[in-house]
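# Descriptive structure summary
Each chain, letter by letter, is given below.
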Amino acid sequence: MVTLEQKRQHPKVALTDLDELWFQVAGTLCNLACAHCFISCSPTNDTHKLISKERMFTALEEAKQRGVKEYYFTGGEPFLHPNLLEFIERTVEQGPLTVLTNGILITDRMAQKLAELAEGTPYSLDFRISLDGLTPEENDEIRGKGTFEKIIRSVKRLYLHGINPIITVTEVREGMGAAAERSKFIELLRTFGIQQPRLKFLTPFQIGEEAKRTSGYAPEEFVYEGDLVPGEDEWLQCANARMITEKGIFPCPILINHDDSKMGDSLTESEGAISLRWSACYTCHVSGVTCRN
Amino acid sequence: MSKTIAVFGGVYSNYLALQAVLEDAQGKGAGDLYCLGDLGGFGPHPDRVFPLLHEYQVQVVKGNYDHSIGYDLVDCGCGYTDPRDNYYAQISYDYTAKNTSEINRTWLRTLPDFIRCQFAGKEVLMVHGSPRRMNEFLWESTSPDPFLEKLLERYEADILLCTHTGLPWQRELPSGKRVINVGAIGRPANDGDGSGGSPVQVCSR
């Protein structure tokens, strides 16, 4: 029986295993300023700075000791970081890596280098490229003028070098995640010669720029004690992931602009349970979304 | 005295493949026979698998498919992340559920989640997916050494045998411990060139 008093509390989620480690490689710096960005990244946003080599390599060493299963780089735009290739090289030596990017800065020369890195590692090196519509009109409304063509060019370029990127679509319009819409994305990718298109759909979080684009979260949209279904505290992303930015360790990639969610400066300090007390937690609870591949 | 065991996974209702594998293993002198689960799915005659397993006294670990069929769950619990995979998996699952007899379902419920044994002085742990989750995928390219070392230490094993992904691979870890994904015999790995792959993993001392 859940009392009214308990109802106002938020459930806690323990870290069962640190399987996924995220790096906010480019901080909040981005070459684009997308209308749905939940952390409002832009060419001028330095809320989180580019990650330093020291933080990166210290965390990688800690992660190795703790048996982390997979790594993710995100931003902002990771390809804005001058040391990105070195970071990729060091990371894939110890585990599989996925880099989340808008793809636009991947030149032909860079694609060639990435292909060489992917070829030279026993672990997988994947790239997730964001695309938010089937046409320039749909996508550019969210990601900026001219971005559709630039993104497609990069997708083709990577594919030509033997890398099949995972196209990541944020469901910014009603029904985008439905089967019929997914099929259209698959068909679009096939027209570029991609035989086995790889897709991931993400639910938007109603914070940052997205809160301005839509209405944001309603006041009652929080997760309360008693709301979680059996097993949920094990499959929510915060049960097996942590995010590292230049500022410190956060529970997940979504909460980094909530300063009060910072857990410490080392992975050891981030072992504790987290309380699902932010409105963004409501989206993970309701939609079951996860940032992992 | 030397001893040989044979371990395989993923029958997927392919009783013909199972028959061939069991004969092959016996021919190679395997004493104990182990199957790491996922008996049903995809093939047309789920019930033809069970008599063979009993006849050859195969020790079977419960796979996610066996758990779901045994307990009459709504889906196979395969853990796919792509809706297209789930769509086709559901057709196969519903068929298998409809065509598996009650007596075989009852037997599926009795299967263990893991089997431990000693082999050549090593602690061997046999599971379907991973020691911590029945439907965890241990792919070769996404299972880094430090992660596997952690699992083997936590579950006190020198050799871990698993399946679930259906793609066979093996690796010796820096500690000298070993992880072997034995693959699947009913839908063996193939890269499209028609050559298939070795359907059975025979370990010999």
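Residues numbered from 1 in each chain as written. Chains lettered and ligands numbered in written order. Predicted model: local features only at pLDDT ≥ 70, side-chain atom pairs only at ≥ 80, totals over all residues. Heavy atoms only, no water.

## Some thoughts on the sheet that holds strand β9 (residues 248-250) of chain A
All names here are of chain A. Note the following rule: For two strands to pair, DSSP has to find at least two bridges joining them. The way it works is that DSSP assigns letters per residue, a run of H or I at least four long becomes a helix, a run of E at least two long becomes a strand, and they are numbered from the N terminus. Orientation is described by axes fitted as lines to C-alpha atoms, over the contacting stretch for helices, and by angles from 0 to 180 degrees between their N-to-C directions. Residue contacts are defined here by distance: any two heavy atoms, one from each residue, within 4.5 Å place the two residues in contact.
Across the sheet, which stays open at both edges, the eight strands sit in the order β7-β6-β5-β4-β3-β2-β8-β9 with mixed pairing between neighbours. With partners counted over all chains shown, the strands left at the sheet margins are β7 (198-202) and β9, one partner each. Taken pair by pair, the neighbouring strands of this sheet meet at an average axis angle of 25 degrees, ignoring direction. In this sheet, strand β5 (residues 125-130) lies alongside strand β4 (residues 97-101) in parallel orientation, the contact comprising five bridges. Within the sheet, the bridge partner assigned to V99 lies in β5 and is F127. Sheet strands touched by helix α2 (residues 53-65): β2 (20-24), β3 (70-74), β8 (241-245) and β9. Its angle to β2, the strand with the most contacts, is close to 180 degrees.

## Focus on the interface of chain B and chain A
What counts here: Note: buried area is the sum, over both parts, of the accessible area (probe 1.4 Å) each one loses when the two are combined. By definition, a salt bridge exists where a carboxyl oxygen of Asp or Glu is found within 4 Å of a side-chain nitrogen of Lys or Arg. Distance and chemistry together define a polar contact, namely a pair of N or O atoms within 3.5 Å, with one atom able to donate a hydrogen and the other to accept it when in protein, and with adjacent residues in sequence counting only for side-chain atoms on both sides.
Each partner contributes to the interface: chain B provides 16 residues, whereas chain A provides 17 residues. For the pair chain B and chain A, the summed buried surface comes to about 1,300 Å²; carbon and sulfur atoms form 46% of the total. In this structure, D17(A) and K150(B) form a salt bridge, with 3.2 Å as the shortest nitrogen-oxygen distance. At the boundary of chain B and chain A, one finds nine residue pairs in polar contact (both at pLDDT 80 or more). Put simply, the parts of the chain that give the side of chain B that touches chain A at least two residues each are α4 (83-98) and α6 (145-154) of chain B. With five residues, α6(B) is the single largest residue contributor to the side of chain B that touches chain A.

## With respect to the confidence of the model for chain B
Stated formally: As a per-residue quantity, pLDDT reports the predictor's confidence and falls between 0 and 100.
In the predicted model, chain B carries a mean pLDDT of 91, and the fraction of residues at 70 or more is 93%. At the level of chain-chain contacts, confidence expressed as ipTM amounts to 0.93, with global pTM at 0.94.

## Re the pattern of salt bridges
Threshold: For each residue, the accessible area found with a 1.4 Å probe, counting protein chains only, is set against the maximum for its type, and the residue is called buried under 20%, exposed over 50%, and partly exposed in between.
Scanning all chains against the criterion turns up 26 salt bridges over all chains. The salt bridge partner of R154(B) is D17(A), with a shortest N-O separation of 2.7 Å. Here the residue R154(B) occupies a position in helix α6, and D17(A) occupies one in the loop between β1 (12-13) and β2, the pair thus bridging two chains. A residue is classified by how much of its surface remains accessible, and D17(A), at 10% relative accessible area, is buried. What emerges from the salt-bridge pattern is a single network uniting D17(A), D19(A), K69(A), R132(B), E136(B), K150(B) and R154(B).

## Here's the deal with the nonpolar core
What counts is decided by this rule: Put simply, buried Ala, Val, Leu, Ile, Met, Phe, Trp, Tyr and Cys residues joined by side-chain atoms within 4.5 Å make one nonpolar core.
Core analysis: the biggest nonpolar cluster contains 88 residues, and F23(A), F73(A), I88(A) and L114(A) have the highest contact counts within it. When residues no more than four places from it in sequence are discounted, the contact partners of F23(A) are I51(A), M56(A), A59(A), L60(A), Y71(A), Y72(A), F73(A), T74(A), M243(A) and I244(A). Counting 28 residues, the second largest nonpolar core, distinct from the first, contains A6(B), V21(B), Y56(B) and L108(B).

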